[in-house]
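Each chain, written out:
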Amino acid sequence: MIDNYLEDKTTILNPEGYLTVVVENGSVNKKIPDRFYIEFIIGRDSECDIQFSDSVVSRKHARVFWKSNKWWIKDLESSNGTYINRKKIIEEILLPPKKQVEFCLGGPNPNISPRGKWV
């Protein structure tokens, strides 16, 4: 996992904070790491950091990443889309705090929460 892989570099790459993810709707196939510092991929593929079993989720559905001292989200050309507050995202956008992220309208919606001093 990225958390372990970059543990010694997080102060250089992202000194400000991290994200936690809690799945409120949808079933996950493997344990979700406690926190993410740089990026993570969400999808059905076994290589994804957060792996859903729901068929509405694409193999590689979305990417959440740290860029320019902010968290961003990008849909990876998924079949059913990625939505923020029920609006489909077309390109990478700033991940707004405390907004509902959905993979397909009515599909899985993880709670992605920023933590740290940049919140």
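Read on for a plain summary of the structure. (Residues numbered from 1 in each chain as written. Predicted model: local features only at pLDDT ≥ 70, side-chain atom pairs only at ≥ 80, totals over all residues. Heavy atoms only, no water.)

Concerning the packing of aromatic side chains
Applicable threshold: Note on ring pairs: Phe, Tyr and Trp rings are taken, using the six-membered ring of Trp, and paired if centres are within 6.5 Å. Classes follow the plane angle, with under 30 degrees stacked, over 60 edge-to-face and the rest tilted. Each residue is placed in one exposure class: buried if its accessible area under a 1.4 Å probe, protein chains only, is under 20% of its type's maximum, exposed if it is over 50%, and partly exposed if it falls in between. Consider the ring centre and the ring normal. A charge sits over the ring if Lys NZ or Arg CZ is within 6 Å of that centre and within 35 degrees of that normal.
Within the structure shown, the criterion is met by three aromatic pairs. Centroid distance Trp66 to Trp71: 5.3 Å. Interplanar angle 65°. Geometry classified as edge-to-face. Across this residue pair, the class does not change: Trp66 and Trp71 are buried. Stacked on the ring of Phe65, the Lys or Arg Arg63 has its end atom at 4.0 Å from the ring centre. For Lys67, the ring lying beneath its charged end belongs to Trp72, and the centroid distance is 4.7 Å.

Here's the deal with the pairing of strand 2 (residues 39-43)
Note the threshold: Numbering of helices and strands runs from the N terminus, with a helix taken as a DSSP run of H or I at least four residues long and a strand as a DSSP run of E at least two residues long. Note on pairing: two strands pair once DSSP finds at least 2 bridges between them.
With four of its five residues buried, strand 2 lies for the most part within the structure. As defined by bridge partners, strand 2 adjoins strand 4 (residues 62-67) across four bridges and the pair is classed as antiparallel. Bridging across to strand 4, Ile42 finds its partner in Ala62. Two strands pair when backbone bridges link them, and strand 2 and strand 3 (residues 50-51) are joined in this way by two bridges, in the parallel orientation. What sits directly across from Gly43, in strand 3, is Gln51.

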